[in-house]
Amino acid sequence: MENPIRYILITTFIIGILFTSADAQDNNQKKVTTQEIRVVDFAGLQPLLEKRNDTTYIVNFWATWCAPCIKELPYFKQIHEKYADKKVKVFLVSLDFERQIETRLKPFIEKNKLTPEVIVLNDPKSNIWIDKIDPSWSGAIPATLFFNSNNRLFFEKEFTYNEIEAIIMQLNPQYN
Amino acid sequence: MKQMKNIVILTIAIFAFSFTVSAQGYAVGDMASDFKLKNVDGKMVSLSDYKDAKGYIVIFTCNHCPYSVAYEDRINDINKKYAPLGYPVLAINPNDPAVSPGDSFDAMVVRAKEKDFTFPYLFDDKQSVFPKYGATRTPHVYLLDKTDAGNKVAYIGAIDNNHQDAAAADQKFLEDAIEALRNNKQPEPNFTKAIGCTIKVAKK
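First, a word on scope: everything that follows refers to the structure included in this document. (Residues numbered from 1 in each chain as written. Chains lettered and ligands numbered in written order. Predicted model: local features only at pLDDT ≥ 70, side-chain atom pairs only at ≥ 80, totals over all residues. Heavy atoms only, no water.)

### Quick word on the interface of chain B and chain A
Taken together, the contact pairs 27 residues of chain B with 35 residues of chain A. Together, the buried faces of chain B and chain A total about 2700 Å²; carbon and sulfur atoms form 62% of this surface. Of the charged contacts in the structure, one is a salt bridge between Lys 193 of chain B and Asp 131 of chain A, with a shortest N-O distance of 2.7 Å. Counting across the chain B and chain A interface gives ten residue pairs in polar contact (both at pLDDT 80 or more). Only helix 1 (2-23), helix 2 (66-82) and strand 10 (196-198) of chain B provide two or more residues apiece to the side of chain B that touches chain A. Broken down by element, the side of chain B that touches chain A gets its largest block of residues, eight residues, from helix 1 of chain B. Among the residues forming the side of chain B that touches chain A, the class breakdown is eleven nonpolar, eleven polar and five charged. Where strand 5 (residues 140-141) of chain A and strand 10 of chain B come together, two bridges link them in parallel fashion. Residue Ala 140 of chain A lies in a different strand from strand 10 of chain B, and its bridge partner there is Gly 196 of chain B. (Contact = heavy atoms within 4.5 Å. Buried area = accessible area lost by both parts, 1.4 Å probe. Salt bridge = Lys/Arg side-chain N within 4 Å of Asp/Glu carboxyl O. Polar contact = N/O pair within 3.5 Å; in protein donor to acceptor, adjacent residues only side chain to side chain. Helix = DSSP H or I, 4+ residues; strand = E, 2+ residues; numbered from the N terminus. Nonpolar A, V, L, I, M, F, W, Y, C, P; charged D, E, K, R; others polar. Pairing = 2+ DSSP bridges.)

Structural data, given as structure tokens:
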């Protein structure tokens, strides 16, 4: 702390990097292999769920140990890539255990070249936050939330590619 | 336009499917039906076998699901504590081993031995019991209160509020519910939720 100016410069630099990386993700240009994984509790996830703008958000709840989740993941990846320029964005909220992020989750992301951002939701108080995501959710995964500024749809089920696309069309009739 | 029509139909189909799934099963206050399922020791087990029971702790769980595994020791401890008090645990594996190979009957036998399960670990081999109860995930608990009118569902949900760390769980939903029944009170809460693995059913 001998040199406050230097401290401010470093801080500014770090903040700058943070914003730049966020932008890079927005542009869907970020390399999968360098993805840093955000670990959040429900309060940390909430801002994403409350986004209401011109983008359609797809938030998929999954885990590497969940077989039906892994089966549908490639479809969410395809959708994220295909609709990147059409204001449709996929987020993959992982319910993997925190201690397995390095050993299991990161290798899985790299192996499967997952392009949507992966966020780990690490919050044991699921009895409280499951209902806040959707009251119809029993807690089983996979589960997926679709929303834009007009509509919000929640499903506790495994999707096919066509079903995901149908919901995007339903939320965005202009794409037909 | 045709595409639009297809999309609408598909969306309706997805909704209809979601509703049929969630509309089934028991709510708190319903009377639960008995079952006759094969235990890991090869014998058939029913609720009615327990003549002196005051109630039953029916837990849908399985071998493969990490959330179920995280609760194995706790389920064992709960049975050790509450079976002598009249509330035995009956664990039921609802998964189809064709979809979830780690959940075969043979694998159940191995796991029960490894973990010294003190409770019956039953196989819902026809997948007929879990839909009646309305279980959607593992683990999924149904606490039944034995009354003159039948086995009344008193609590549905999670074991406690921390799957990762038993010591950090500061709300023991299931144990609190059993204690409520033992004191002739209604459990509060009587319904909780938790993350779990879907019950694995072969696609038709």
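### What about empty space enclosed by the protein?
Scanning the model with the defined rule gives four cavities of 30 Å³ or more in all. Estimated volume of the largest cavity: approximately 120 Å³. In terms of lining residues, the largest cavity is bounded by 17 residues, among which Tyr 71, Ala 158, Asp 160, Ala 194 and Ile 195 of chain B are the most central. Those elements that provide at least two residues to the lining of the largest cavity are helix 5 (126-133) of chain A together with helix 2 of chain B. In the lining of the largest cavity, the residues fall into nine nonpolar, six polar and two charged. There is about 60 Å³ of room inside the second largest cavity. Every residue along the wall of the second largest cavity is listed here: Leu 95, Asp 96, Leu 121, Asn 122, Asp 123, Ser 126 and Trp 129 of chain A together with Tyr 67, His 163, Gln 164 and Ile 195 of chain B. Taken together, the residues of the lining of the second largest cavity break down into five nonpolar, four polar and two charged. (1 Å grid on protein atoms, 1.4 Å probe; cavity = no way out; pocket = protein on both sides within 12 Å on 5 of 7 lines; lining within 4 Å. Points joined across faces, edges and corners; volume = space filled by probe spheres on them.)

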